[in-house]
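# Coordinates in review
Okay, here's what each chain looks like letter by letter:
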Amino acid sequence: MHSTRNNFYKYKLEILDNTTDTKFLNDFSKADQGVNRCAPKLTDAHIYPGPFQKMKVQFALQVFSATVAAGMRTCIKCNTLPIAAETTVNFIYNMDKIFDILNSKPKAGGKEFNLPFKNKTKTVNGITTNVDVTQRMKFINGWKITIKSLLQLWDDIQKPQYFLCTYRLNQDCLENLFGNFRNQNGNNFNPIELDLTSKNGLTYVSGYLIKKCLEKHSCDTCLDFAKTQESLDKAFIFIYLKAYQNEVASNY
């Protein structure tokens, strides 16, 4: 989605002999100021994204939203934006529709195309007729592959009583899992199997032992020490346990 946003900002996309232009989005952002805004989430970070904003999908989704499209359409009706902005508005609205279909959930929150996928004619038309821009854009081919894959997947699993929540068809879960693995090893981008097993094994065993100890002993010093340890290394491998009783009752 952020790739689509980046290309939308960089180029004028050709759609049915018309072109999009981010100038209209910029003009809308400048006109939509004050207390009662048409698109309250739209900020300068969305219109002029920096390197980090360009990497965040959230900023792209808030640009390609039905709220922004409705606000721009209102400005066209009020002559704040020219009629030529209609192509840009339609592109923003259609991208919001496509994303809703490919991110459908059990609870759609009132959005028709965000309902679980059932291969209805209106839904299929929403994803097969709206990606119609120049073939030279690689991100368009990515959208087409994703849409075709969804339709083929449905052909394999379709049954009258079934529906498909497409928000599960992404790699975010895997990325988050392996991101945690990399962070555990000092932000290692290429961890090996030994790093993963030894590090996670050490973390698990150490946490288990600390938990069992603290269940039987009330030691504020040990508890504070355990909470302040952000990483484990080989210095923590040796653990010596000894059962003893103090002559004077204390917390230690």
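Residues numbered from 1 in each chain as written. Predicted model: local features only at pLDDT ≥ 70, side-chain atom pairs only at ≥ 80, totals over all residues. Heavy atoms only, no water.

Going by an unreviewed UniProt entry, the protein chain carries the name THAP-type domain-containing protein and comes from Aphis craccivora.

## A short note on the overall build of the protein chain
Applied cut-off: For the purposes of this entry, the term helix denotes a DSSP run of H or I that reaches at least four residues, the term strand denotes a run of E that reaches at least two, and both are numbered from the N terminus. Burial here depends on accessible area, computed with a 1.4 Å probe over protein chains only, as a share of the maximum for the residue type. Under 20% is buried, over 50% is exposed, and the range in between is partly exposed. We call two residues in contact whenever any of their non-hydrogen atoms come within 4.5 Å of each other.
When helices and strands are tallied, the protein chain shows 12 helices and two strands. Helices (α) and strands (β) of the protein chain occur, in sequence order from the N terminus, as α-β-β-α-α-α-α-α-α-α-α-α-α-α. Counting every position in the protein chain, which comprises 252 residues, the buried fraction comes to 33%. A separation threshold of at least 6 residues defines the contact pool for the protein chain, and within that pool the share at least 24 residues apart is 57%.

## Description of the side chain of threonine 88
Mapped onto the elements, threonine 88 comes out in helix α7 (residues 86–101). Relative accessible area serves as the criterion here: at 0%, threonine 88 is assigned to the buried category.

## Focus on the layout of surface pockets
Selection rule: Cavity means a closed set of points on a 1 Å grid over the protein atoms alone, one where a 1.4 Å probe fits but cannot get out, pocket means an open set with protein on both sides within 12 Å along at least 5 of 7 lines, and lining means a residue has an atom within 4 Å of a point. Grid points are joined across faces, edges and corners, and a volume is the space filled by probe spheres set on the points. Here the term charged refers only to Asp, Glu, Lys and Arg, the term nonpolar to Ala, Val, Leu, Ile, Met, Phe, Trp, Tyr, Cys and Pro, and the term polar to all other amino acids, Gly among them.
Considering only enclosed or pocket space, the second largest pocket measures out at about 700 Å³ in volume. Around the second largest pocket, the lining is made up of 23 residues, and of these Met1, Phe99, Thr146, Leu169 and Asn170 lie nearest the centre. Of all the elements in the fold, those that place two or more residues in the lining of the second largest pocket are α1 (2–10), α5 (57–63), α9 (138–157) and α10 (172–184). Per-element tally for the lining of the second largest pocket: the top contributor is α9, with seven residues. In terms of residue class, the lining of the second largest pocket is made up of 11 nonpolar, 10 polar and two charged.

## Concerning the pattern of salt bridges
Opposite charge on two side chains allows them to pair when their charged atoms are near. Heads up, the condition is: Take a side-chain nitrogen of Lys or Arg and a carboxyl oxygen of Asp or Glu: if they are within 4 Å of each other, that pair is a salt bridge.
Tallied over the full model, the rule gives four salt bridges. For aspartate 32, the salt bridge identified is with arginine 37, shortest N-O distance 3.6 Å. Judged by its relative accessible area of 5%, aspartate 32 falls in the buried class. Take arginine 37: its relative accessible area is 23%, and that puts it in the partly exposed class.

## Quick notes on the state of the cysteines
Short version of the rule: When two cysteine sulfur atoms are found within 2.5 Å, that pair is recorded as a disulfide.
Following the criterion strictly, the structure yields zero disulfides and no others. The thiol sulfur of cysteine 38 is not disulfide-bonded, and the nearest other cysteine sulfur, from cysteine 75, lies at 5.6 Å. Under the relative-accessibility criterion, cysteine 38 is labelled partly exposed at 35%. A relative accessible area of 10% means that cysteine 75 is categorised as buried.

## Details of the packing of aromatic side chains
For clarity, the threshold we go by: Between rings of Phe, Tyr and Trp, where Trp is taken as its six-membered ring, a pair exists when centres lie within 6.5 Å; planes separated by under 30 degrees are stacked, by over 60 edge-to-face, and by other angles tilted.
Following the criterion strictly, the structure yields four aromatic pairs and no others. Plain terms: the ring middles of phenylalanine 64 and phenylalanine 91 are 5.8 Å apart, the flat faces sit at 80 degrees to each other, and that makes the pair edge-to-face. With phenylalanine 64 in the loop between α5 and α6 (66–77) and phenylalanine 91 in helix α7, this pair connects stretches of sequence that are 27 residues apart. An aromatic cluster is present here, built from Phe8, Tyr9, Phe64 and Phe91 joined pairwise through their rings.

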